[in-house]
Amino acid sequence: MTKSLLDQLNPEQRSAAETIEGPVLVLAGAGTGKTRVITFRIAYMLQCGVAPENILAMTFTNKAAREMKERIAAMVDEKAAKKVTVGTFHSFCSMILRREISRLGFTASFTIADDSDQKGILKQAIGELGFSTESTPVEQSKWYIGDCKNNTVSPEHAIRIADTDHNVRMAHVYERYQQILENQNMLDFDDMLFFVYRLFREFPDILEKYREKYHYILVDEYQDTNTVQFRMIEMLAGERCNLCVVGDDDQSIYGWRGAVVENILDFPRQFKKVKEVRLEQNYRSTGKILAAANKVIAHNQSRFDKELWSAKDEGENLKLVKTVSANDEAQFIADMIAQEISVDMNRTYKDFAILYRSNHMSRVLEQELRKAGIPYRLVGGQEFFSRKEIKDAAAYLKIIANPREDQSFLRIIGVPARGIGDKAIKTLKTLQAETRKPMTELIGDEHFLTQVSGAGNSSSRNFYNITSKYRTLFEEPGNLARKVTDYLKEIDYINSFLKIYKDQRDAEIRQENVYEFINAIAEFEMKTTAEPTLVNFLESYALLDDNDKTREEEENSDAVTLSTVHASKGLEFPYVFLTGMEFNLFPHERAVKDGSVDEELRLFYVAITRAQQNLILSYTGKRMRFGEFRNQRPSPFLEYLPEEIVDKCLPDDLFHTMSNEDLRDGFANIFAMLEED
Ligand code: ATP
Ligand code: MG
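The sections below set out a description of the structure shown in this document.

Rules and cut-offs
- Residues numbered from 1 in each chain as written.
- Chains lettered and ligands numbered in written order.
- Predicted model: local features only at pLDDT ≥ 70, side-chain atom pairs only at ≥ 80, totals over all residues.
- Heavy atoms only, no water.
- 1 Å grid on protein atoms, 1.4 Å probe; cavity = no way out; pocket = protein on both sides within 12 Å on 5 of 7 lines; lining within 4 Å.
- Points joined across faces, edges and corners; volume = space filled by probe spheres on them.
- Helix = DSSP H or I, 4+ residues; strand = E, 2+ residues; numbered from the N terminus.
- Nonpolar A, V, L, I, M, F, W, Y, C, P; charged D, E, K, R; others polar.
- Axes fitted to C-alpha atoms, helices over the stretch in contact; angles between N-to-C directions.
- Parallel < 35°, antiparallel > 145°, perpendicular 65-115°, else oblique.
- Contact = heavy atoms within 4.5 Å.
- Pairing = 2+ DSSP bridges.
- Buried < 20%, exposed > 50% of the residue type's maximum accessible area, 1.4 Å probe, protein only.
- Arc of directions from axis to C-beta.
- Phe/Tyr/Trp six-rings, centres within 6.5 Å; stacked < 30°, edge-to-face > 60°.
- Polar contact = N/O pair within 3.5 Å; in protein donor to acceptor, adjacent residues only side chain to side chain.

**As for empty space enclosed by the protein**
Next up, step 1: One pass over the structure, following the stated rule, counts 6 cavities of 30 Å³ or more.
Next up, step 2: When its volume is computed, the largest cavity comes out at roughly 90 Å³.
Next up, step 3: Elements represented by at least two residues in the lining of the largest cavity include exactly α17 (326-343), α18 (362-371), α27 (504-527) and β16 (611-625).
Next up, step 4: Split by residue class, the lining of the largest cavity holds 5 nonpolar, 3 polar and 5 charged.

Below is the structure:
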């Protein structure tokens, strides 16, 4: 029985699975069976008589944890599998905290602060300390605090080591923020890890208890662990040190979030007598997909050198498809999926994944899939239209279309902060009770204005004047997207992101999303059969929202996967479409600026290695950006692909119809184009 289980592993995998005592490191490339080793190793341990309660396995996502448990249940027995602790670091920590957090002054009914709670509390903390959000921006404080926690730095420690005025302010905000959270019996996400670390460190009896429980520890995707995770695991493993970690430095893609790739590279030096295992056979992809992956990652400067091989067929050539526009790109993908499903009885929607670099790129794809009636599942990102900044932008439009919309007014009057605070809002509410006038009107009313002084007064007038002006402008049909852009600029929404979120990255993403929302308006304007008015757009937007909700409920049905490359880590699909292979999109513009192109290249490697049989890359000549069509150039990353196994084609070529020679001549050879760049 035991023998037949491990027979399903190759000799190297097997040696990693069999070595259940002492530290084991599996450092190996994509698709070589690292996750499989973890799964089989747990099953093997159970067969060897290890108590399931003694096993702890960490995965990167909840979904991966669920799948691992299911497989173990199928291999050994279900009852035992259920008793194994398999989960993400966060779920593991939350379990410990519910039991032990009283030692840190919280109660077991603590709640977790989400992003907006965090920001609200940060604003309060910054205000109470008498700092301005200009000198101490909320978003920046959030990243600072997260960074401290990921690196096991407490508020007191942060204050001690703060070396600039700026950092001193940040450290004090951290301290105050933490007090407010504690007063409300709240934790943020980073606290969950940090508090468990603190419990282990400050309370030896607690550490001992969990050491006695978990004799065997396994960690998947170890290359993306951060310092606090490392320390926690190190303490828990203790002297016994039955610790098996697996990962791939080539797939380290969360450096921007505090992951430390040295955790995996230095593992043999951090622990004694480490058994190191290398896996080189890739079981996932065809020879050609693998050849492309190998060639791409070889361009990365500092890496642990490893070459993958596959016993699978060479497979089909990769395809590189150029389309005229992003809509065409989305459309050919929808067409191709429909075609594959119709010609091959065994194909299901689940076999297809569409990957992209940035969340905002999902919109056009979602739209075309919906049109084609293809079911899809959006992974690793909120539904585009339910993002906060999009909802805010829509709220700005709603108060124009419907001046009675108090809800939307209240939503955006403080976004960005314009000096119209709680007191002014209270005054508005009182006036409204008396006059029954909408708030958008009262804000320009003298009765209100006489009761508001300073910045609040002038910005109230300003707000009223701008909204009134645009209400008139929007009555005229035409130029919808243009007017929306102007309005959102004039009312200081679009340009506020860089003011509100000093964290450049966050501000840029939000701003990009709002521009993508304006792109949707421009498209509506071009395509609608109804009159292209603001009211009509908002109606279509509201319907779209409903549609998206029903789709979300279909999580587990047969559906195409839409995902960022980041969120596709660890997964595999027979068919992968990698879209938007364009200059300044992939690698991301910001990465080019701040010199983190290496991480982007690893991300490209992750994307390629998700594909089992077919990999179709695409780029487009024209993409709507910032509300207008921009000419796009192909990504420099495409140059790294082995030209001899990549078919360059137009969408038509994929459907065995006559191709358009004129169009082909227009961009003859993209490799030639790249050279010119
Ligand atoms: P990634 O780096 O993307 O996380 P991985 O190294 O974790 O990949 P797995 O997902 O474990 O790789 O394995 C990739 C695929 O290869 C899976 O479908 C797995 O079942 C299959 N596989 C791995 N090893 C073997 C084997 N010895 N025999 C048959 N199939 C295998
Ligand atoms: Mg894996």
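**Describing the packing of helix α11 (residues 189-202) against helix α12 (residues 204-213)**
Next up, step 1: It is at 5 Å that the axes of α11 and α12 come closest, and there the two elements cross at 105°. Considering the angle they form, α11 stands roughly perpendicular to α12. Packed against α11, whose contacting residues are Leu199, Phe200 and Glu202, the element α12 presents Pro204, Ile206, Leu207 and Tyr210 at the interface.
Next up, step 2: In terms of residue class, the contact of α11 with α12 is built from 6 nonpolar, no polar and 1 charged.

**Structural notes on the sheet that holds strand β7 (residues 243-247)**
Next up, step 1: With respect to topology, 6 strands assemble into an open sheet ordered β3-β2-β6-β7-β1-β8, the strand pairing being parallel. The two strands at the open ends of the sheet, each matched to only one other strand, are β3 (85-87) and β8 (275-277). Averaged over all pairs of adjacent strands, the angle between strand axes in this sheet comes to 10°, irrespective of strand direction.

**Notes on α12**
Each turn of an α-helix holds 3.6 residues, which means side chains three or four residues apart point in the same direction.
Next up, step 1: Listing the buried residues of α12 in full gives Ile206, Leu207 and Tyr210. Projected down its long axis, α12 shows its buried positions confined to an angular sector of 100°, all on one face.
Next up, step 2: Each element contacted by the buried residues of α12 is listed here: α6 (89-100), α11 and α13 (227-237).

**A few points about the packing of aromatic side chains**
Next up, step 1: For the structure on display, the rule yields 25 aromatic pairs.
Next up, step 2: Measuring from centroid to centroid gives 5.7 Å for phenylalanine 92 and tyrosine 214, while their planes differ by 70°, and the two rings are edge-to-face. Residue phenylalanine 92 is found in helix α6, and its partner tyrosine 214 is found in the loop between α12 and β6 (216-219); the two are separated by 122 residues along the sequence.
Next up, step 3: Since its relative accessible area comes to 2%, phenylalanine 92 is described here as buried.
Next up, step 4: Their ring planes at 80° and their centres at 6.3 Å tell us that tyrosine 396 and tyrosine 487 sit as a pair that is edge-to-face. Highlighted residues: tyrosine 396 in helix α19 (residues 388-401) and tyrosine 487 in helix α25 (residues 480-490), separated in sequence by 91 residues. The residues tyrosine 396 and tyrosine 487 share a single accessibility class, namely buried.

**Some details on the environment of asparagine 226**
Next up, step 1: Tracing the backbone through its elements, the reader meets asparagine 226 in the loop between β6 and α13.
Next up, step 2: Put simply, asparagine 226 and arginine 169 are 57 residues apart on the chain and 25 Å apart in space, counted from C-alpha to C-alpha.
Next up, step 3: Setting aside residues up to four positions removed in sequence, asparagine 226 forms contacts with Asn150, Leu193, Gly258, Ala259, Val260 and Asn263.
Next up, step 4: Engagement of the side chain of asparagine 226 in a polar contact is seen with the side chain of asparagine 150, the distance being 3.3 Å.

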